[in-house]
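# Chain and residue survey
What follows is the residue order along each chain.
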Amino acid sequence: MRLGVCYYPEHWPESMWEDDARRMKAMGIAQVRIGEFAWSRIEPEAGKLQWDWLDRAIGVLGAAGLEVVMSTPTATPPKWLIDLHPDILPVGADGRARAFGSRRHYDFSSNAYFEASHRIVTLLAERYGNHPAVSAWQTDNEYGCHQTVVSYSPDAVARFRDWLRARYTSIAALNAAWGTVFWSMEYTSFDQIDAPVGTVTEAHPSHRMDYRRFASSEVARYNRMQVEILRRHAPGRVMVHNFMQNFFEFDHYPVALDLDAATWDSYPLGALEEFWFSPELKSRWLRTGHPDFASFNHDLYRGMSKQPFWVMEQQPGPVNWAKWNPAPLPGMVRLWSWEAFAHGAGCVSYFRWRQCPFGQEQLHAGLNTPDNLLDIGGAEAMQVSQELQLIANQNAKVATRVALVFDYEAKWLFEVHPQAQDFQYGPLVFEYYSALRSLGFDVDVIPTSSNFDGYSLIVVPPLPVLPDDLPQRLRDSGAHVVFAPRSGSKTVDLCIPANLGPGPLAQQLPMRVWRVDAMRPTTRVAVQWGSQQGEARIWRDLIEVSGGTEVVATFDDGHPAIVRHQRLHYLAAIFDEPLLRAYLAAVAQEAGLPVAHLDDGTRISRRGDLTYVFNYGDAPLDAPHPEGAKFVIGSAQVPPQGVSVFQVGPV
Amino acid sequence: MRLGVCYYPEHWPESMWEDDARRMKAMGIAQVRIGEFAWSRIEPEAGKLQWDWLDRAIGVLGAAGLEVVMSTPTATPPKWLIDLHPDILPVGADGRARAFGSRRHYDFSSNAYFEASHRIVTLLAERYGNHPAVSAWQTDNEYGCHQTVVSYSPDAVARFRDWLRARYTSIAALNAAWGTVFWSMEYTSFDQIDAPVGTVTEAHPSHRMDYRRFASSEVARYNRMQVEILRRHAPGRVMVHNFMQNFFEFDHYPVALDLDAATWDSYPLGALEEFWFSPELKSRWLRTGHPDFASFNHDLYRGMSKQPFWVMEQQPGPVNWAKWNPAPLPGMVRLWSWEAFAHGAGCVSYFRWRQCPFGQEQLHAGLNTPDNLLDIGGAEAMQVSQELQLIANQNAKVATRVALVFDYEAKWLFEVHPQAQDFQYGPLVFEYYSALRSLGFDVDVIPTSSNFDGYSLIVVPPLPVLPDDLPQRLRDSGAHVVFAPRSGSKTVDLCIPANLGPGPLAQQLPMRVWRVDAMRPTTRVAVQWGSQQGEARIWRDLIEVSGGTEVVATFDDGHPAIVRHQRLHYLAAIFDEPLLRAYLAAVAQEAGLPVAHLDDGTRISRRGDLTYVFNYGDAPLDAPHPEGAKFVIGSAQVPPQGVSVFQVGPV
Amino acid sequence: MRLGVCYYPEHWPESMWEDDARRMKAMGIAQVRIGEFAWSRIEPEAGKLQWDWLDRAIGVLGAAGLEVVMSTPTATPPKWLIDLHPDILPVGADGRARAFGSRRHYDFSSNAYFEASHRIVTLLAERYGNHPAVSAWQTDNEYGCHQTVVSYSPDAVARFRDWLRARYTSIAALNAAWGTVFWSMEYTSFDQIDAPVGTVTEAHPSHRMDYRRFASSEVARYNRMQVEILRRHAPGRVMVHNFMQNFFEFDHYPVALDLDAATWDSYPLGALEEFWFSPELKSRWLRTGHPDFASFNHDLYRGMSKQPFWVMEQQPGPVNWAKWNPAPLPGMVRLWSWEAFAHGAGCVSYFRWRQCPFGQEQLHAGLNTPDNLLDIGGAEAMQVSQELQLIANQNAKVATRVALVFDYEAKWLFEVHPQAQDFQYGPLVFEYYSALRSLGFDVDVIPTSSNFDGYSLIVVPPLPVLPDDLPQRLRDSGAHVVFAPRSGSKTVDLCIPANLGPGPLAQQLPMRVWRVDAMRPTTRVAVQWGSQQGEARIWRDLIEVSGGTEVVATFDDGHPAIVRHQRLHYLAAIFDEPLLRAYLAAVAQEAGLPVAHLDDGTRISRRGDLTYVFNYGDAPLDAPHPEGAKFVIGSAQVPPQGVSVFQVGPV
């Protein structure tokens, strides 16, 4: 549990570096990330390498007792390289190559860029791999930012064809798997297959889904190339990448598998504004961010990180890149920092040391203002640094009995094949997560391949493709498992299973989804669950049950709304929040879990023997705590934007 | 009056065909449409023809006593053909060719595709033209679907120039007709004329209008080519095309003129969601469709069909292609079927026999589920099949005394030249139609070229170009004629008539539209009609009258709101619904027509001596019927989603 | 103070010209603009010049005693010229050349078009430069209309590189000025720099800002070329251009500097519908236009015109080019005409003499209908012509003590770098202007380079780049100066000033903007100003003050909302209207200005010793006037859409 910062020595006069390093150290910062956009300074012209300034920058930081997180500079290939190899540029759905002049202007499938990246990473690794001040390496920067995962370049299409060859072996197998006979779309050769874009009406969904899978795998391949070089030259260093919040266009799990630690960039206010939240929620949490947003990501990245995950970039004040960029309330930078540690973070690293007075992000705050005075965020970071001394059990685990299954492919599938325009994976997953957090649970966000031992409650948001062995593995875990609608509704080739939905789950939970009902956003259907009433929206699976499956709740037209078989539960619709919370609470109680009922501004997390209480709301709150709890930070009264931490029993 | 179904033998194992055919027959189905997307199976590679499977499929169906409606497969040219002739692909307004991978990826003006179509249709017609099981032929599939009428390819532009040459003879005549001197747009050669697209601001309206006319005529030419081949090889067979609901981008009348029967594809729920209806109406009729939507189309296609029209594709459950795809209420598939027959349909053919588990439409319901169990739609189709036995006078006519004039070019003209953004032909026509239906009338939807004998009331929705002889022909009919605003406001070249609006009508109805007033959607102007008050919206013609024309109603600023001369009436604005209904009711009474006042969920249709009552509403209704009426189907109490049919006097 | 009209002899049979000229003269029209779209008639084929018809048209007008305003026809290059030089066409952000077929289809940077324009203007000037009937020349037509200032053609990019070379001298200087090191965007040669478009995420803001400046300078260069030719051949004639309302994409000041008179095209209803006004305001002023819209433009163009400005095109009835095109209320054409004269116009020229029955604008009203009868607008123009005789002091000045600083670059900068999506310069400037007008002030709209002598109150809407000497010059003027937020927040290179905002102003008004707070549109922050309360929205500068700067008002979280230092005031936020008006009223009173409180439909203007009262509202108003005022036009009771003019003391 340490603090870090992101720093750009190339943006500032060299005369400032020493003072910057001294002040970082004095503030309690342990590590400094550098270099991820510095290619044009390292190699201003083809082959003309300038290491001296970087040698000196690392030297100054190291001399001050700071650890350096060195980044490969591949997120921003310089102009001379683009001019040499214009085929590096990604190509949009409109068939046009994107232009130089911002960042991430490269195609993951570009052969020229793969070679150029290999070369610059090798040079960098050779020079600094064994540098004593460099303790970790970051590959590239925010893969997938600005919708750059999917490209439609000739290189991409050529590699896609190879990917299809490897996956299907024969063109006949592909035709059969996709069902290209529909609308006469049959192929006689892999070389006939283009990118699924620009068609008169929607392209074949299996084709589109495979293109998404292919594009995702290209990211993993590209990252693996960098990590392999770095491991060779930088033995013992921690390998990381900074994933960006909510960029789900590629599967993070295989990328994280090649790293030592997953790190992510946390911008709670920018995310609130730019993502799916309703205007009401955007106003409600304008200056705090949504209380479950950062938590969800902490729990997600903790679930894929071998070492404790990091927040590589922590929002320190207003950002510049959302449609509106409000200032956070005083206290929020501290709250966000503690929230990360409470969820198991090994490091919280602020972005950036000092606000930069030029370029695209000149209105993005830093810990210091452009005229080099400490900003609010800087002051709060210093407070966190001091408070960290009060925490004894720095390496405690986050122990949870509740899990949420997360799957990147599910998101792509519902984009390829929505059936209801607003059936979107991200927001729906967030509803389930948020409901669990409002009941006071710590949650593990985990992939389908996880070991499920030890969980008492597992929630499976809409998971259209159920791996064949998953239902049995979930049942064998002994946990209560709650499945959302559309679970098991597709085969891996994006077809309807021969036994209809829920596909392989029907063996453990005998039922059949014989029809789906995709509703307008304002449509509601009443649900009766015992004496409780609630509402369904967006989607209904129309179900018939068999083999001992029990109907727990019904819609007002008589169709089953919730069915269960022993500890396996199936929700046939998206429910309104009160009904969802109530049902999850009931299942949790049955599973022996203690249930809290928190208001929307109160959130609780546990790590080791400490309990953290966060107040996102407008009024002071009374931290729910047992007799004898000892407050390590704060007190039982948590002010707005405040954090309290208590321990039960003797410290 | 018979039932049919759409079937894709190529999508299913051959082992299922016989059972499918047997069950169809048992269900009461008489005809089966096949083949419209089967090109890649008929000719998997250039010149490699595979007839055997199709021979067997037709054989199985014929052996079961089913008639086959064979389709030409030209809606989906296969990949090898596109690779041979990339100029088959249509070109968008963005200048880019559309890609292979869905359907309708061809340009009606492509010379290569004209030839390729000629060849495959000939081959098909030669093989099956005289097959005893094949009783009808469908050309292509849903011309115009997915905005494919207008293309901007080099072939299209070249043919457009020829079309202009034929229309105007000399470039001077074109310059004069269009008025190209405005903004220095004069041409000195037909070869200088491009497609009217991509200009800095709007292109010349006469240019745009002629491009729309040209594109429409290309559809008719293409269809005629297919029909001529088929008639040569398939003597005595019924020639049809399945028009798609609300695809008004080409003029259906000349296409229908080349056919024996017009057929259309009826998707009441998909249409409600995808077309112009307000969010309130979309919620109100979510699971039934709008009560006047299918009726309007029945009446439209009946008006252009030499033989009784068909519904070629009847929605059997939820579809997949709207933004949201709700399930219809139980009973609606039966109601829609009876509604078609009540409006004169010769056949109702369901789309499709069985839901397909792969491809773009895998969530489109069928009469059977993908696992081959009977779905609700299938059960309702069986009920209709049994009830059809109860109808004695199967070939009765729909006799009407009310007509609505419909004109495809009017739609294009208001798109080219709206003046008020929401002055849209389709929705406005629908308002007049709906008002007439709410008054209990059966309505003929007819073109301007019709014979008007026998009508008592004719409504002319906004018809900007009045053929010179039309006003006199309408007056001579003896009917009351109600003209909507903007009637006669343009010449055929899309200019203002020398005598201003209503152009040639001013001879029969002396008046002059000296100004137009195009209002914001929320603007309302009060109208006083005798003691009644109402509201105008969207549009006002400011009028001065002469020669005995009478001012019947006025706006609150004194301008005439309704004027009439004997039996010719002119509405100077778009009125709110109550005023429109009240005025039409008054005119109808004056014309001697019996007027009903139906609520929005009740609709009545008459065919022969039978009266059909449809309940689209939520509550049971008492069918308005005379003493002594005998109910052939249902009773005087019509349940929600119910149909009752009665006969007056002895059966 | 005279009337004019726009006329297109080429649109009408020559037989009508004489009668048209006679009626113009009889109506009191003094000048007639012709020729701006006539290229295809002057030169129907390359080199084939046809002067005879134009000779005759000018002859007819001159013989009737009318002065001719001759226009260069360069807004509409004919088709043969485009076919000869396709590189004339502008290129959009999508990389595609715009097509021929409307107007303004040329690139200001096209070398071919520069030459072609030089040639046709020379030919025209040689022929008519000394014609006695031609008293003035208009260059081109509405520069910038239809977003045509910025183009991305190869010619434009090549000229941009030259422009950068001239501005920065060395590529190192450019890299330093822009800060290209951010995201590795450094250049080693000017030839590497492309247009800032098509990038993966936003292009560098300094790059984008310079491209806007470059594009603007291309307009001035192009216009200067035309003016220089015309001055050479047409000595003594008045040189004008007709600027279009609200087309701020190029800096009008340098263009106007090359002219004798600035003229503008006034379409109050079209502007209301097409520009930023809220739906509520669009409905409120549907048939009058916003009461401050035409005034603002009059005051803007008066401020850049050497001779009295003109309205070159005055809306005479409904237009055709807005989404909805309502008819103005009777009286508005007269009101708009008088409003122009009250603000100092030298001429009001109506567009157009007669509504044209063909082409894009066939539903644009004229003074006469297409069938050549006088329309309402024509009748009102005649009334104005007669009333003009009642005004004795025709050349009186508009004397003002209140100024508003206007800056075109500010608009571009906030588009390039908004930080809050709805921080838009045009609407914000309009808010300040409207507040001043509601307080009864006449207002000069002036550039930053103005002499500020004689003003008592100067309002500076958001002005991000403060010229170094401006703060001192404003303080030295002795006026009270009110600065809006974001003043001085950027350097000329679009970076943050070294001392942060307000940059150079901090010397005169000691303060520091250490953070900005960009809020959602619905966010409000309470402001306390003495005992008054108000609300802030859109934007807040968070300020700390020093050196005697006083905090006048605060936000509810304690930050300063208004600060002042002597007569310099700084508003730290965008305020709601009541607070803005109240504060400006208080400052005005302190500055010794008489303050009125007008309702939203009442507006007052003064010129010489006459006071004009305009009634935009729905009810008669009592004109506020002193004892002994003598009404020259109208009376103390001003009817809706009425104008009254009074003089104080003996006339």
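Nothing here was measured: the structure is a model prediction, and the numbers come from that model. (Residues numbered from 1 in each chain as written. Chains lettered and ligands numbered in written order. Predicted model: local features only at pLDDT ≥ 70, side-chain atom pairs only at ≥ 80, totals over all residues.)

### Description of the overall build of chain A
Note the threshold: Helical segments are the DSSP runs of H or I of at least four residues, strand segments are the runs of E of at least two, and each set is numbered from the N terminus. Counting other C-beta atoms within 10 Å of a residue's own tells you its class, since 20 or more makes it buried, 12 or fewer makes it exposed, and anything in between is partly exposed; those C-beta atoms are placed from the backbone. Each residue gets a C-beta atom placed from its backbone, and two residues are in contact if those atoms lie within 7 Å.
A count of helical and extended segments in chain A gives 18 helices and 25 strands. With the C-alpha coordinates aligned to their principal axes, the bounding extent of chain A is approximately 75 × 75 × 40 Å. Of all 651 residues assigned to chain A, the portion counted as buried reaches 60%. Intrachain contacts of chain A at a sequence separation of at least 6 include 69% that bridge at least 24 residues.

### Some remarks on the sheet that holds strand E21 (residues 610-615) of chain B
Whether parallel or antiparallel, the strands of a sheet pair through hydrogen bonds between backbone atoms. All names here are of chain B. For clarity, the threshold we go by: Two strands make a pair as long as DSSP finds a minimum of two bridges between them. Interaxial angle, 0 to 180 degrees, is taken between N-to-C directions of lines fitted to C-alpha atoms, where a helix line uses only the stretch in contact.
Pairing in this open sheet of 4 strands is antiparallel, and the strands run E20-E21-E25-E23 from one edge to the other. The open sheet is flanked by strand E20 (602-607) and strand E23 (629-633), the only strands paired with a single partner. Taken over all neighbouring pairs, the strand axes of this sheet differ in orientation by 30° on average, direction set aside. In this structure, E20 lies alongside E21, joined through 6 bridges in antiparallel fashion.

### Some remarks on the nonpolar core
Note the threshold: Nonpolar core, as used here: buried Ala, Val, Leu, Ile, Met, Phe, Trp, Tyr and Cys residues forming one set through C-beta atoms within 7 Å.
Leu436(A), Leu436(B), Ile458(B) and Leu436(C) are the most contacted members of the largest nonpolar core, which totals 626 residues. Once residues within four sequence positions are removed from consideration, Ile458(B) is found in contact with Ala403(B), Val405(B), Phe452(B), Leu474(B), Ser477(B), Ala479(B) and Val481(B).

### Some thoughts on the UniProt feature "binding site: substrate" (unreviewed entry) in chain A
Here is the rule: UniProt positions are given in the numbering used here, feature names are shortened, and annotations may be inferred rather than shown by experiment.
As recorded in UniProt, the sites labelled "binding site: substrate" (unreviewed entry) are Arg103(A), Asn141(A) and Trp321(A). By the element assignment, Arg103(A) lies in the loop between helix H4 (79-84) and helix H5 (111-128). Those residues in contact with Arg103(A) that sit more than four places away from it in its chain are Ala75(A), Thr76(A), Trp183(C), Val200(C) and Thr201(C). Summarising the element assignment, Trp321(A) is placed in the loop between strand E7 (310-314) and helix H13 (332-342).

### Let's talk about the domain arrangement of chain A
Where we set the bar: For the domains described, the bounds stem from an automatic or database domain assignment.
The domain architecture assigned to chain A consists of domain 1 (154-208), domain 2 (402-590) and domain 3 (606-648). A straight line from the C-alpha centre of domain 2 of chain A to that of domain 3 of chain A covers 33 Å.

### Looking at the relation of the copies chain C and chain A
The condition that has to hold: C-alpha atoms of residues with pLDDT of at least 70 in both copies form the basis for the least-squares superposition of the copies.
Once turned by 120° and shifted 0.1 Å along the axis, chain C lies on chain A with an RMSD of 0.0 Å. Here the symmetry operator amounts to a three-fold rotation axis. Closest approach to the rotation axis within chain C is made by the C-alpha atom of Asp94(C), at a distance of 5.4 Å.

### A few points about the interface of chain C and chain A
Under the convention used in this document: Throughout this entry, Asp, Glu, Lys and Arg are counted as charged residues, while Ala, Val, Leu, Ile, Met, Phe, Trp, Tyr, Cys and Pro are counted as nonpolar. The remaining residues, Gly among them, count as polar.
Facing the 41 residues of chain C at the interface are 48 residues of chain A. For the side of chain C that touches chain A, the secondary structure elements donating two or more residues are helix H8 (205-233) and strand E13 (511-518) of chain C. At 5 residues, the largest contribution of residues to the side of chain C that touches chain A is made by E13(C). Tallied by class, residues from the side of chain C that touches chain A come to 20 nonpolar, 15 polar and 6 charged.

### Concerning unusual backbone geometry
In the segment running from Gly501(A) into Pro502(A), the intervening peptide bond is cis, with an omega of 0°. Tracing the sequence through the fold places Pro502(A) in the loop between strand E12 (480-483) and strand E13 (511-518). Positive phi, close to 50°, is recorded for Glu142(B), a residue that is not glycine. Structurally, Glu142(B) is set in the loop between strand E4 (134-138) and helix H6 (154-168). Assessed through the 21 C-beta atoms surrounding it within 10 Å, Glu142(B) is described here as buried. Phi angles above zero are rare outside glycine, and Leu494(B) is one such case at about 60°. Position of Leu494(B) relative to the elements: it lies in the loop between strand E12 (480-483) and strand E13 (511-518). Residue classification places Leu494(B) among the buried positions, given that 26 C-beta atoms sit within 10 Å.

### Here's the deal with the packing of H5(A) against helix H8 (residues 205-233) of chain A
Residues and elements named next belong to chain A. Worth spelling out the cut-off: Note on terminology: angles under 35 degrees are roughly parallel, angles over 145 are roughly antiparallel, angles of 65 to 115 are roughly perpendicular, and the others are oblique. Put simply, a crossing is left-handed when the front helix is turned counterclockwise from the back one by less than a right angle, and right-handed when it is turned clockwise.
As a packed pair, H5 and H8 sit with axes 9 Å apart at the nearest point and diverge in direction by 25°. The orientation of H5 relative to H8 falls into the category roughly parallel. Once H5 is placed against H8, the crossing between them reads as right-handed. On H8, the residues that touch Phe114, Ser117, His118, Val121, Thr122, Ala125 and Glu126 of H5 are Tyr222, Met225, Gln226, Ile229, Leu230 and His233. Here the residues of the contact of H5 with H8 sort into 7 nonpolar, 5 polar and 1 charged.

### Notes on the interface of chain A and chain B
Listed as interface residues are 41 residues of chain A and, on the opposing side, 48 residues of chain B. Breaking the side of chain A that touches chain B down by element, the ones donating at least two residues are H8 and E13 of chain A. Tallying contributions element by element places E13(A) first for the side of chain A that touches chain B, with 5 residues. Classifying every residue of the side of chain A that touches chain B gives 20 nonpolar, 15 polar and 6 charged.

### With respect to the pairing of strand E6 (residues 261-266) of chain A
Residue and element names in this part refer to chain A. So the rule is basically this: Handedness is read with the strands pointing away from the viewer; a crossover is right-handed when the path from the first strand over the helix to the second is clockwise.
Most of E6 sits inside the fold, with 6 of its 6 residues counted as buried. Pairing between strand E5 (residues 238-244) and E6: 5 bridges, direction parallel. Bridge pairing links asparagine 242 to threonine 263 in E6. For the crossover that starts at E5, traverses helix H9 (residues 252-257) and ends in the parallel E6, the hand is right-handed. Judged from the 4 bridges that link them, E6 and E7 form a sheet pairing that is parallel.

### Concerning the sheet that holds strand E20 (residues 602-607) of chain A
Residues and elements named next belong to chain A. Here we have 4 strands laid out as an open sheet, ordered E20-E21-E25-E23, and antiparallel in their pairing. Both edges of this open sheet fall to E20 and strand E23 (629-633), since each of them pairs with a single strand only. Mean inter-strand twist for the sheet, computed between neighbouring axes without regard to direction, equals 30°. In this sheet, strand E25 (residues 643-648) lies alongside strand E21 (residues 610-615) in antiparallel orientation, the contact comprising 5 bridges.

### Details of the environment of Leu413(B)
Residues and elements named next belong to chain B. Structurally, leucine 413 is set in helix H15 (residues 408-416). Along the backbone, leucine 413 and methionine 209 are 204 residues apart, and their C-alpha atoms lie at a distance of 6.4 Å. When near neighbours in sequence (up to four residues on either side) are disregarded, leucine 413 contacts Met209, Pro464, Val465, Lys490 and Leu494.

### Quick word on the UniProt feature "active site" (unreviewed entry) in chain A
Residues and elements named next belong to chain A. UniProt annotation of "active site" (unreviewed entry) refers to Glu142 and Glu313 when read in the numbering used here. In terms of the greatest pairwise C-alpha distance, the residues named above, spread along 172 residues, form a tight cluster of at most 10.5 Å across. Once residues within four sequence positions are removed from consideration, glutamate 142 is found in contact with Asn242, Met244 and Asp265. Assignment of secondary structure puts glutamate 313 in strand E7. Apart from the residues within four sequence positions on either side, glutamate 313 is in contact with Cys6, Asn242, Asp265, Ser266, Ser349 and Phe351.

### Brief notes about helix H14 (residues 376-387) of chain B
All names here are of chain B. Test applied: Take the residue count of a helix, subtract one, and multiply by 1.5 Å to get its expected span.
The first and last C-alpha atoms of H14 sit 17 Å apart over 12 residues, in line with the 16 Å expected at 1.5 Å per residue. For H14, the set of buried residues is Ile376, Gly377, Gly378, Glu380, Ala381 and Val384. Residues of H14 that are buried in the fold lie against strand E1 (2-6), helix H1 (14-27), helix H13 (332-342) and strand E8 (347-350).

### Some details on the environment of Gln355(C)
All names here are of chain C. Following the sequence through the fold, glutamine 355 ends up in the loop between strand E8 (347-350) and helix H14 (376-387). Taking C-alpha positions, glutamine 355 is 9.5 Å from aspartate 375, a pair spaced 20 residues apart along the chain. In this structure glutamine 355 touches His364, Ala365, Gly366, Asn368, Thr369 and Pro370, once residues within four positions along its chain are discounted.

### What about the pairing of strand E16 (residues 550-555) of chain C?
Residues and elements named next belong to chain C. Of the strand pairs in this sheet, strand E14 (residues 525-529) and E16 are connected by 2 bridges, and their pairing is antiparallel. Across the sheet, residue glutamine 528 finds its bridge partner in E16, namely threonine 554. Taken together, the 4 bridges between E16 and strand E17 (residues 560-565) define a ladder with antiparallel strand orientation. From the neighbouring strand, valine 551 faces E17, where its bridge partner is valine 563.

### Some words on the confidence of the model for chain A
To be explicit about the condition: As a per-residue measure, pLDDT reflects the predictor's confidence and takes values from 0 up to 100.
Looking at chain A, the pLDDT average stands at 97 and 100% of residues meet or exceed 70. Overall fold confidence (pTM) sits at 0.97, and the ipTM for the predicted complex is 0.97.

### A word on helix H12 (residues 293-302) of chain C
In an α-helix there are 3.6 residues to a turn, and that puts residues three or four apart on one side. Of all 10 residues in H12(C), 10 are buried; the element is thus mostly enclosed. Listed in full, the buried residues belonging to H12(C) are Phe293(C), Ala294(C), Ser295(C), Phe296(C), Asn297(C), His298(C), Asp299(C), Leu300(C), Tyr301(C) and Arg302(C).

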